[in-house]
Amino acid sequence: MLVIIRIYFKTLSFLIPKTAGNLAFELFKKVREKDIRSREKGFYDLAKKYTIPFEGEDLDCFEFGAESKDLVVLVHGWDSNAGAMYGFIEKLLADNKRVIAFNLPAHGFYQSSKTDIRECKEAFKTLITHLSGYDNLSIIAHSFGSGTVAYAMSELDVKVDKMIFLTSPNSIEDVFLDYKNMIGLNKKAYGVLTQKATNFLGEPLEELSIAKKLTQVKFNHLHVIHDKNDKIIPYRNAIAIQETVPNVTLTAYENIGHYRMLWNTDVITKSIDFLNN
C-alpha cells in the first residue's frame, strides 16, 4: 500500500505540486481504522463510561477507582485507543489512584476518521478543565499522546505533579520531514504542505517543539522512557527533551518496542514507582 501511495504522490508532486501538498495534508490527518484488540477489551469492560461535550463529537471518557485526591490521567498515542493503556490500570488501582482516560478524537469508537494535534490538544484541555476534586494530578502518555499533553498543558494554568512520557516526539518539523520522505513529496509539494500546516497550527513548524512547549508547563517532574532502537520515534527526541527541559529524567531501554512497551512489566513497575516516589 505504501508503495502505491509513494508512486501516486511522486507523480502528482511533479505534475501538480499544489494539489499534492494539499492532499498530503489531508492524508496526514487520517487515522487508520483498527479493531479493539482482545487484550484491550478488559479496559472497556471494567471502566465507568461517560462523555464530555466537545465540538464535533463528545469525548468518550473512562474512569477507574474510587474518589481519590490522587488523579492519574492516561493518554494513548496515534492510531491507538485508550484500551492500549490497560496494562497500567491494575497497579494504579492497587495504589488507590483515581484513573481517567479518554479516546483522542477520531480514535476508538468515534464516527470521524480524521484529526490532528491541534484538535487533540483542545480535546485534552477540555478534559483537564472538566476534572475537579483532586489535589495531585499526574499524567502517563504514550508517543503522540505525549506531544498532545505538552502542547495542551502549555496553554493551561494547571499544576501537574508528575508526568511520564512513554516515548515522545520533539521537533514537529522533523515529523513532517519524515512524512515527506515516506510518501515521496518533492520540494514544491512539501512547501505547500508545510505552509498549510503552519497556517493551520498558527506557528512556524521550525519553532514548534515539544521541549519548547514543556518549558511553559507547570510540573514538578517528568520521566521519559524510550527505547534506544525505537523505529517509530527515534531516541534522539528523548535526549533533546532531557537536555532542554529542567526536571526531566530519562530511562533508556533496548528492544522493548514502541507499542510493546505499554505491556512491559518493568516499564509499568518503574512508572508506578516514579509516581509514588
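See above for the structure.
These numbers were taken from a predicted model, which means no experiment stands behind them.

As for the side chain of His258
Next, step 1: As for its placement among the helices and strands, His258 is situated in the loop between strand 8 (248–253) and helix 11 (265–276).
Next, step 2: A residue is classified by how much of its surface remains accessible, and His258, at 6% relative accessible area, is buried.
Next, step 3: Polar contacts involving the side chain of His258 include one to the side chain of Ser143, which spans 2.9 Å.
Next, step 4: Polar contacts involving the side chain of His258 include one to the side chain of Asp230, which spans 2.7 Å.
Next, step 5: Residue contacts for His258: discarding those within four places in its chain leaves His142, Ser143, Thr167, Asp230, Ile232 and Ile233.

Quick word on helix 11
Next, step 1: Look at helix 11: 17 Å from first C-alpha to last across 12 residues, which is about the 16 Å you get at 1.5 Å a residue.
Next, step 2: Turning to helix 11, its buried residues number three or more, namely Val267, Ile268, Ser271, Ile272, Phe274 and Leu275. Projection of helix 11 onto a plane perpendicular to its axis shows the buried side chains occupying an angular sector of 155 degrees, all on one side.
Next, step 3: For helix 11, the elements touching its buried residues are strand 3 (70–75), helix 4 (89–94), strand 5 (136–142), strand 6 (159–166), strand 7 (218–227) and strand 8.
Next, step 4: Where helix 11 begins, one side-chain oxygen reaches toward the backbone nitrogen of Asp266, 2.9 Å away; that side chain belongs to Asn264.

Describing the environment of Tyr179
Next, step 1: Here Tyr179 shows up in helix 7 (residues 172–183).
Next, step 2: Residue Tyr179 is classed as buried on the basis of its relative accessible area, which comes to 8%.
Next, step 3: Along the primary structure Tyr179 and Asp230 are separated by 51 residues, whereas in three dimensions their C-alpha atoms are 17 Å apart.
Next, step 4: Excluding its chain neighbours within four sequence positions, the residues that come into contact with Tyr179 are Ala24, Leu27, Phe28 and Leu193.

Thoughts on the pairing of strand 2 (residues 59–64)
Next, step 1: Strand 2 sits mainly inside the fold: 6 of its 6 residues count as buried.
Next, step 2: Here strand 2 shows two buried faces, one formed by Leu59, Cys61 and Glu63 and the other by Asp60, Phe62 and Phe64.
Next, step 3: As paired elements, strand 1 (residues 48–52) and strand 2 share 5 bridges and run antiparallel to each other. Following the sheet pairing, Lys48 is matched in strand 2 by Glu63.
Next, step 4: Between strand 1 and strand 2, which follow one another and run antiparallel, lie 6 residues, and Gly56 among them has a positive phi close to 95 degrees.
Next, step 5: Pairing analysis gives 4 bridges linking strand 2 to strand 4 (residues 98–102), with the strands arranged antiparallel. Bridging from a neighbouring strand, Cys61 pairs with Phe102 of strand 4.

Some details on the sheet that holds strand 5
Next, step 1: The 8 strands are arranged 1-2-4-3-5-6-7-8 in an open sheet whose pairing can be described as mixed. What marks the edges here is a single partner per strand, and that holds for strand 1 and strand 8. Going across the sheet, the axis of each strand differs from the next one's by a mean of 20 degrees, ignoring polarity.
Next, step 2: Bridge count between strand 7 and strand 8: 6 bridges; the pairing is parallel. What sits directly across from Val224, in strand 8, is Leu250.
Next, step 3: In the packing of helix 6 (residues 144–153) onto the sheet, contacts are made with strand 3, strand 5 and strand 6, and the angle to strand 5 comes to roughly 140 degrees.
Next, step 4: On top of the sheet, helix 11 reaches strand 3, strand 5, strand 6, strand 7 and strand 8; it is set at about 165 degrees to strand 6, its chief contact.

Calculation criteria
Residues numbered from 1 in each chain as written. Predicted model: local features only at pLDDT ≥ 70, side-chain atom pairs only at ≥ 80, totals over all residues. Heavy atoms only, no water. Helix = DSSP H or I, 4+ residues; strand = E, 2+ residues; numbered from the N terminus. Buried < 20%, exposed > 50% of the residue type's maximum accessible area, 1.4 Å probe, protein only. Polar contact = N/O pair within 3.5 Å; in protein donor to acceptor, adjacent residues only side chain to side chain. Contact = heavy atoms within 4.5 Å. Expected span 1.5 Å × (residues − 1). Arc of directions from axis to C-beta. Pairing = 2+ DSSP bridges. Axes fitted to C-alpha atoms, helices over the stretch in contact; angles between N-to-C directions.

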